[in-house]
Amino acid sequence: MTINVKYFGLIAEITTCEKERILFTKKNVSEFLELLYLKYPSLKNKDFQVAQNQELVSQDALISGHELALLPPFAGG
Amino acid sequence: MADKKTKNVFKKGAISSDFIGTSIAKHQSKTTIGAHNIFLGQVRADVIDNKTVAAIEYTAYEDMANEKFHAIREATFKKFDLTCMHIYHSLGTVKAGEICLFVFASSPKRKIVFKAIEYIVEAIKADVPVFGKEIFEDETHQWKVNK
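Since the structure is predicted, the reported quantities are computational estimates derived from the model, not experimental observations.

1. Observations concerning the side chain of Asn28(A)
All names here are of chain A.
Phase 1: Its place among the elements puts Asn28 in the loop between strand E2 (19–23) and helix H2 (29–39).
Phase 2: A distance of 2.9 Å separates a polar atom in the side chain of Asn28 from the backbone nitrogen of Glu31.
Phase 3: The residues touching Asn28, leaving out its near neighbours within four places in the chain, are Gln59, Asp60, Ala61, Leu62 and Ile63.

In structure tokens form, the structure reads like this:
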């Protein structure tokens, strides 16, 4: 399947884009991240959370949605 | 009457004192209110490694952020007996000394709004995907992290 992936803040600086479509056949978030680390090795040491369809999910969550987002630490307010 | 529709909380640039003043004035017709409480977040000129923060450039995962603001709103109305509440957050560049967050809670009684404002502001800091690029006077930057 193809997933829309969004990047923000420090993460978008590393990927040098704010969104992209990634073809993906694995099942869960951590498998997806392994794939992403091959493309962007320096993501591996960074602090971020993953949201699926606009809700935060854990590393072992199954990928079911069409949109993932990598969110660095929040800085609102 | 509580307005519980999902709203766009974001405003481009700093939140002006005119906007804040007008928001207060709009509540004069709501005469069941006896107490307003307001929180204003202001961009601080932090000094980090001898460099001074000149501005913060805010970005957000806007769809998720507006959902989170809505959830905070719902939870706040459930928890506190408020007449109304409003949240505005800046996007884009806000200079040091300017306002980037405006939270406004109103109730018949004061004790409720004191508690409500703290609850709302802490929830915003913890739950809403907003990101801040601290831009120094020499145009280098670092990414802000809420503590």
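2. Things to note about unusual backbone geometry
Residue and element names in this part refer to chain A.
Phase 1: Within the chain, Asn53 stands out as a residue other than glycine whose phi angle is a positive 45°.
Phase 2: Looking at where Asn53 falls in the secondary structure, it is placed in the loop between strand E3 (49–52) and strand E4 (55–57).
Phase 3: With a phi angle near 70°, Gln54 is a residue other than glycine that sits in the positive phi range.
Phase 4: Structurally, the position occupied by Gln54 is in the loop between E3 and E4.
Phase 5: The exposure class assigned to Gln54 is partly exposed, which follows from its relative accessible area of 22%.

3. Some details on the sheet that holds E2(A)
Residue and element names in this part refer to chain A.
Phase 1: Within the open sheet, the 5 strands sit side by side as E2-E1-E5-E3-E4. Their pairing is mixed. Here the strands that pair on one side only, and so sit at the sheet edges, are E2 and E4. Neighbour to neighbour, the strand axes of the sheet diverge by 35° on average, direction disregarded.
Phase 2: In this sheet, E4 lies alongside E3 in antiparallel orientation, the contact comprising 3 bridges. When the bridges of E4 are listed, Val50 appears paired with Val57.
Phase 3: In this fold H2 packs onto strand E1 (2–7), E2, E3, E4 and strand E5 (67–71), with an angle of close to 110° to the strand it touches most, E2.

4. Remarks on the interface of chain A and chain B
Phase 1: Of the residues lining the interface, 18 residues belong to chain A; the matching set on chain B comes to 24 residues.
Phase 2: For the pair chain A and chain B, the summed buried area comes to about 1,700 Å², and 60% of that belongs to carbon and sulfur atoms.
Phase 3: It is Gln54(A), Phe74(A) and Gly77(A) in chain A that bury the most area against chain B; as a group they hold 39% of the surface buried on that side.
Phase 4: Linking Glu55(A) and Lys68(B) is a salt bridge whose minimum nitrogen-to-oxygen distance equals 3.5 Å.
Phase 5: Where chain A packs against chain B, one counts 10 residue pairs in polar contact (both at pLDDT 80 or more).
Phase 6: Among the secondary structure elements, those contributing two or more residues to the side of chain A that touches chain B are helix H1 (9–15), E4 and E5 of chain A.
Phase 7: A class-by-class count of the residues in the side of chain A that touches chain B yields 10 nonpolar, 4 polar and 4 charged.

Rules used throughout
- Residues numbered from 1 in each chain as written.
- Chains lettered and ligands numbered in written order.
- Predicted model: local features only at pLDDT ≥ 70, side-chain atom pairs only at ≥ 80, totals over all residues.
- Heavy atoms only, no water.
- Helix = DSSP H or I, 4+ residues; strand = E, 2+ residues; numbered from the N terminus.
- Polar contact = N/O pair within 3.5 Å; in protein donor to acceptor, adjacent residues only side chain to side chain.
- Contact = heavy atoms within 4.5 Å.
- Buried < 20%, exposed > 50% of the residue type's maximum accessible area, 1.4 Å probe, protein only.
- Pairing = 2+ DSSP bridges.
- Axes fitted to C-alpha atoms, helices over the stretch in contact; angles between N-to-C directions.
- Buried area = accessible area lost by both parts, 1.4 Å probe.
- Salt bridge = Lys/Arg side-chain N within 4 Å of Asp/Glu carboxyl O.
- Nonpolar A, V, L, I, M, F, W, Y, C, P; charged D, E, K, R; others polar.

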